[in-house]
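A structural walkthrough
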Amino acid sequence: GLAVVAGHTTFYTLKKLVYDPKISFGKELGAAVWLGAAAMCSGSVWQPLVNTLQTSDKLPFEIIFAGTWLGCGTAFLGGLRLGRMILPWMDGPTNANMGTDASLSMAIGGASACFVGTDVAYLGGEGNFLRPVVGIEDVDPDLVGIVKAGTSTSIGFAAAQSIQNITYKQGEAWCD
């Protein structure tokens, strides 16, 4: 959550300084808190959800991947919607912003799902189609593991967002 706040605020501060002086720092800080709170919801669900899905040692990687996508995306959406209800600086929940909140949540779910690909221990890595790219192996130095972890979430977010960019009409996605 705090990293989301810091990243969002830094990005928009730099954008304001370099490109668009009309950006409101206060508005972006408020949005950063809202997004960070939703990220805490998604992040706090990730490990218990993955642990639960992996408990049987029988579910294939694809089910763990899909369940994590759905569970973490839903938790993020719940955080966004709750934030709209309780944070006075955010627009309240409406049907119109439900669509944009849901599309952002789908992309966050994709990031969370691809993070599962870093785990090569579950079923010995069998079925983990992400292992060759982001699987964190026992021999990997810590820095390599950190880079693979960040890469995994970037791949998931970018893939989910790219699908939305191709399939959604202009103005329907969260980033339009």
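Topic: the overall build of the protein
- Each helix and strand in the protein was counted, giving six helices and zero strands.
- By the compact-globule yardstick of 16 Å for 176 residues, the protein fits well, its C-alpha radius of gyration being 17 Å.
- Looking at the 176 residues of the protein, the share that counts as buried comes to 38%.
- When the accessible area of the protein is evaluated, it comes to approximately 10,000 Å², of which 68% is carbon and sulfur surface.
- Across the protein, 10 positive and 14 negative side-chain charges occur, with their mean positions spaced 11 Å apart.

Considering the pattern of salt bridges
- Counted under the stated rule, the structure contains four salt bridges.
- In this structure, aspartate 101 engages arginine 84 in a salt bridge whose closest nitrogen and oxygen atoms are separated by 2.7 Å. Here arginine 84 lies in helix α3 (residues 61-86) and aspartate 101 lies in helix α4 (residues 95-115), a separation of 17 residues in the sequence. Take aspartate 101 and arginine 84: they sit in the same class, and that class is buried.
- When the shortest N-O distance is used, the salt bridge between glutamate 137 and arginine 131 registers 2.8 Å.

About the thresholds
- Residues numbered from 1 in each chain as written.
- Predicted model: local features only at pLDDT ≥ 70, side-chain atom pairs only at ≥ 80, totals over all residues.
- Heavy atoms only, no water.
- Helix = DSSP H or I, 4+ residues; strand = E, 2+ residues; numbered from the N terminus.
- Rg over C-alpha atoms; globule rule 2.2 N^0.38 Å.
- Buried < 20%, exposed > 50% of the residue type's maximum accessible area, 1.4 Å probe, protein only.
- Areas by Shrake-Rupley, 256 points an atom, 1.4 Å probe, with all protein chains shown as cover.
- Lys, Arg positive; Asp, Glu negative; His and termini not counted.
- Charge placed at Lys NZ, Arg CZ, Asp CG, Glu CD.
- Salt bridge = Lys/Arg side-chain N within 4 Å of Asp/Glu carboxyl O.

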